[in-house]
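Chain residues, written in single-letter form:
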Amino acid sequence: MDLSEYDEDLGGEPGGEPGGWIGGEWVLRLAGSPEQVMRARRLVSATLGRDHPLHDDCVLLTSEIVTNAVVHSRSGRGGAFVLGISCSVRGVRVSVQDEGSSSAPCVCHASDEATGGRGLPLLEALAHRWGLVRRAGSNRVWFELELESAELSRPRLAGVR
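Residues numbered from 1 in each chain as written. Predicted model: local features only at pLDDT ≥ 70, side-chain atom pairs only at ≥ 80, totals over all residues. Heavy atoms only, no water.

Digging into the overall build of the protein chain
At step 1: Of regular secondary structure, the protein chain possesses 4 helices and 6 strands.
At step 2: When its helices and strands are written in sequence order, the protein chain yields β-β-α-α-β-β-α-β-β-α.
At step 3: Counting only residues that meet the buried cut, the protein chain has 40% of its 161 residues in that class.
At step 4: Carbon together with sulfur atoms contributes 51% to the accessible area of the protein chain, which is approximately 9,200 Å² in total. (Helix = DSSP H or I, 4+ residues; strand = E, 2+ residues; numbered from the N terminus. Buried < 20%, exposed > 50% of the residue type's maximum accessible area, 1.4 Å probe, protein only. Areas by Shrake-Rupley, 256 points an atom, 1.4 Å probe, with all protein chains shown as cover.)

Some details on the packing of aromatic side chains
At step 1: This structure, assessed with the given rule, holds 0 aromatic pairs.
At step 2: A cation over a ring is seen here: Arg-93 above Trp-142, with NZ or CZ 4.2 Å from the ring centre. (Phe/Tyr/Trp six-rings, centres within 6.5 Å; stacked < 30°, edge-to-face > 60°. Lys NZ or Arg CZ within 6 Å of the ring centre and 35° of its normal.)

Observations concerning the environment of Val-94
At step 1: In this structure, Val-94 sits in strand β4 (residues 91-97).
At step 2: Classification of Val-94 by relative accessible area gives buried; the value is 0%.
At step 3: A sequence separation of 11 residues divides Val-94 from Leu-83, and the C-alpha atoms of the two residues are 7.3 Å apart.
At step 4: Setting aside residues no more than four positions away along its own chain, Val-94 makes contact with Cys-58, Thr-62, Ile-65, Leu-83, Gly-84, Ile-85, Val-141, Trp-142 and Phe-143. (Contact = heavy atoms within 4.5 Å.)

Thoughts on the side chain of Thr-47
At step 1: Locating Thr-47 in the fold gives a position in helix α1 (residues 35-48).
At step 2: A polar side-chain atom of Thr-47 sits 2.8 Å from the main-chain carbonyl oxygen of Leu-43. (Polar contact = N/O pair within 3.5 Å; in protein donor to acceptor, adjacent residues only side chain to side chain.)

Topic: the nonpolar core
At step 1: Core analysis: the biggest nonpolar cluster contains 29 residues, and Cys-58, Phe-81, Leu-83, Val-94 and Phe-143 have the highest contact counts within it.
At step 2: Listing elements by their share of this core, those giving two or more residues are β2 (25-31), α1, α2 (55-72), β3 (80-87), β4, α3 (119-126) and β6 (138-146).
At step 3: In terms of residue count, α2 provides more of this core than any other element does, 7 residues in total. (Core = buried A, V, L, I, M, F, W, Y, C linked by side-chain atoms within 4.5 Å.)

Some words on α1
At step 1: With 14 residues, α1 extends 21 Å between its outermost C-alpha atoms, agreeing within 8% with the 20 Å of an ideal straight helix rising 1.5 Å per residue.
At step 2: The set of residues buried in α1 consists of Gln-36, Val-37, Arg-39, Ala-40, Leu-43, Val-44, Ser-45, Thr-47 and Leu-48.
At step 3: For α1, the elements touching its buried residues are β2, α2, β3 and β4.
At step 4: Phi turns positive one or two residues past the end of α1, at Gly-49, with a value near 90°. (Expected span 1.5 Å × (residues − 1).)

Some thoughts on the environment of Leu-54
At step 1: Topologically, Leu-54 is positioned in the loop between α1 and α2.
At step 2: Linking Leu-54 and Gly-91, residues 37 residues apart in sequence, is a C-alpha distance of 7.8 Å.
At step 3: Each residue touching Leu-54, except ones within four places of it in the same chain, is listed here: Leu-48, Gly-91, Val-92, Leu-145, Glu-146 and Leu-147.

Written as structure tokens, this is what we have:
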């Protein structure tokens, strides 16, 4: 995996914490600005690889929870957020911890005309598990996507890759 484009972020954010592998999880602190949403998506994409069967859903859901952190929390008002990614043979877990908000995130269902409000309902629809931990005002939203058990136990035919 080539993460060279992220070298500047590994401790490079002003007042930021270093990033890297911590306990089997890739952890990176990013500024709470809108352009960091794209960077978070690219990091998840680079971590998984485009051929990973969970790639598209994982990148989409990452985009949603990072956008929520930037738009709805103090992270987006000059703060930062922490992105965590861990992969295993069973699936992927992504988390975003922001700097908090005055109220807890809401799983609201947007009207057809609304331009927002679909992030957490998308988590409900696509993630195998997801959750929200609100501690001391900060929000940590996480999701897990699992490979289907059939994909894990599918026998390989001799000579077939």
